[in-house]
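One-letter residues, chain by chain:
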Amino acid sequence: SIEEDTRLMIFKFVCAMDGTHHMDFVDSTCGNQMIKIGQYPTYADLLLPELREYKKVMSKEDERELKRANGLYASGIGVGSFVYLRRIFERIIVTASKTAIKDGKFKQEDFDSAHVDEKVKMLKDYFPKTFVNNTVFYGIISKGIHELSEDECIEFYPIMQAFIIMVFTQLEKIRRDEEEEKNIAVSLGKIAAKVK
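Because the structure is a prediction, the values reported are computed rather than measured.

**Points about the pattern of salt bridges**
Okay, so step 1: A full pass over the atoms with the stated rule returns 12 salt bridges.
Okay, so step 2: Between Arg91 and Glu61 there is a salt bridge, with its nearest N and O atoms 3.5 Å apart. Pair noted here: Arg91 is in helix H4 (residues 78-102) and Glu61 is in helix H3 (residues 60-74), with a separation of 30 residues, a long-range link.
Okay, so step 3: By relative accessible area, Arg91 is classed as buried at 18%.
Okay, so step 4: Note that Lys67 and Glu63 form a salt bridge whose closest N and O atoms lie 3.0 Å from each other. Of this pair, Lys67 and Glu63 are both found in helix H3, four residues apart, which corresponds to roughly one turn of the helix.

**Remarks on the sheet that holds strand E2 (residues 22-30)**
Okay, so step 1: The antiparallel open sheet is built from three strands, whose spatial order is E1-E2-E3. Strands with a single pairing partner mark the edges of an open sheet, and in this sheet they are strand E1 (8-14) and strand E3 (33-40). Mean inter-strand twist for the sheet, computed between neighbouring axes without regard to direction, equals 25°.
Okay, so step 2: Here seven bridges tie E2 to E3, and the two strands are oriented antiparallel to one another. Each residue of the ladder has a partner; that of Asp27, found in E3, is Lys36.

**Re a negative patch on the surface**
Okay, so step 1: On the surface, Glu150, Asp151, Glu152 and Glu155 cluster together to form a negatively charged patch.
Okay, so step 2: Relative to the elements of secondary structure, Glu155 occurs in helix H9 (residues 150-194).
Okay, so step 3: Using a relative accessible area of 56% as the deciding quantity, one classes Glu155 as exposed.

**A closer look at the side chain of Thr130**
Okay, so step 1: You can see Thr130 is positioned in helix H7 (residues 129-133).
Okay, so step 2: Residue Thr130 is classed as buried on the basis of its relative accessible area, which comes to 17%.
Okay, so step 3: For Thr130, the contacting residues outside a window of four places in its chain are Phe163, Met166 and Gln170.

**Some details on H9**
A turn of α-helix holds 3.6 residues, and therefore any two residues three or four places apart point the same way.
Okay, so step 1: Helix length check: H9, at 45 residues, gives a terminal C-alpha distance of 65 Å against a target of 66 Å (1.5 Å per residue), a fit within 8%.
Okay, so step 2: Of all the bends found along H9, the most pronounced is centred on Tyr157 and spans about 45°, while Pro158, a proline, follows it within four residues.
Okay, so step 3: Along H9, the positions that sit buried rather than exposed are Cys153, Tyr157, Met160, Gln161, Phe163, Ile164, Ile165, Val167, Phe168, Leu171, Glu172 and Arg175.

Cut-offs applied
Residues numbered from 1 in each chain as written. Predicted model: local features only at pLDDT ≥ 70, side-chain atom pairs only at ≥ 80, totals over all residues. Heavy atoms only, no water. Salt bridge = Lys/Arg side-chain N within 4 Å of Asp/Glu carboxyl O. Helix = DSSP H or I, 4+ residues; strand = E, 2+ residues; numbered from the N terminus. Buried < 20%, exposed > 50% of the residue type's maximum accessible area, 1.4 Å probe, protein only. Pairing = 2+ DSSP bridges. Axes fitted to C-alpha atoms, helices over the stretch in contact; angles between N-to-C directions. Patch = residues over 30% accessible without salt bridge, like charges linked within 9 Å, V, L, I, M, F, W, Y side chains within 5 Å. Areas by Shrake-Rupley, 256 points an atom, 1.4 Å probe, with all protein chains shown as cover. Lys, Arg positive; Asp, Glu negative; His and termini not counted. Charge placed at Lys NZ, Arg CZ, Asp CG, Glu CD. Contact = heavy atoms within 4.5 Å. Expected span 1.5 Å × (residues − 1). Bend = angle between axes of the 7 residues up to and from the residue.

See the structure below:
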């Protein structure tokens, strides 16, 4: 009877600071093993508030695909989650290349014929150092899609996802710094005009 009663277990957690914040886990037990089979809010839902912070540097498509990657990861689909992370990574590169081409740094055909690590080097002035110094990300993500097992992709996913989030964090910091610099320059210009 006890064995049957504990076959499915629900763990309910409530935030000590705010009783309306809760997290529930549903686990299945068999013998001495316990397997998580459900959670609310989902892993993908937990990321939503964090993503709002990057809305000025992250496209809607990036946001959708990062949510999909997290959903797949939460469902135990590692290779699929890697596909979406790679698409986001490639989109970050393409977005920066459009700005660099417009700035006259290189021509489109030169960019198109370069390998990914070369593209990142070509765009080094448009990316945070973390992005430029970790071109191995693309190699790992590609190997995950083509060669690694589901379990290996699941194991590595949190670090791969953290890298993508860190890139958006640093891009947002750069954007804020540039915005603040412009605002201060405008304010200083106004003051200089008044004190002449």
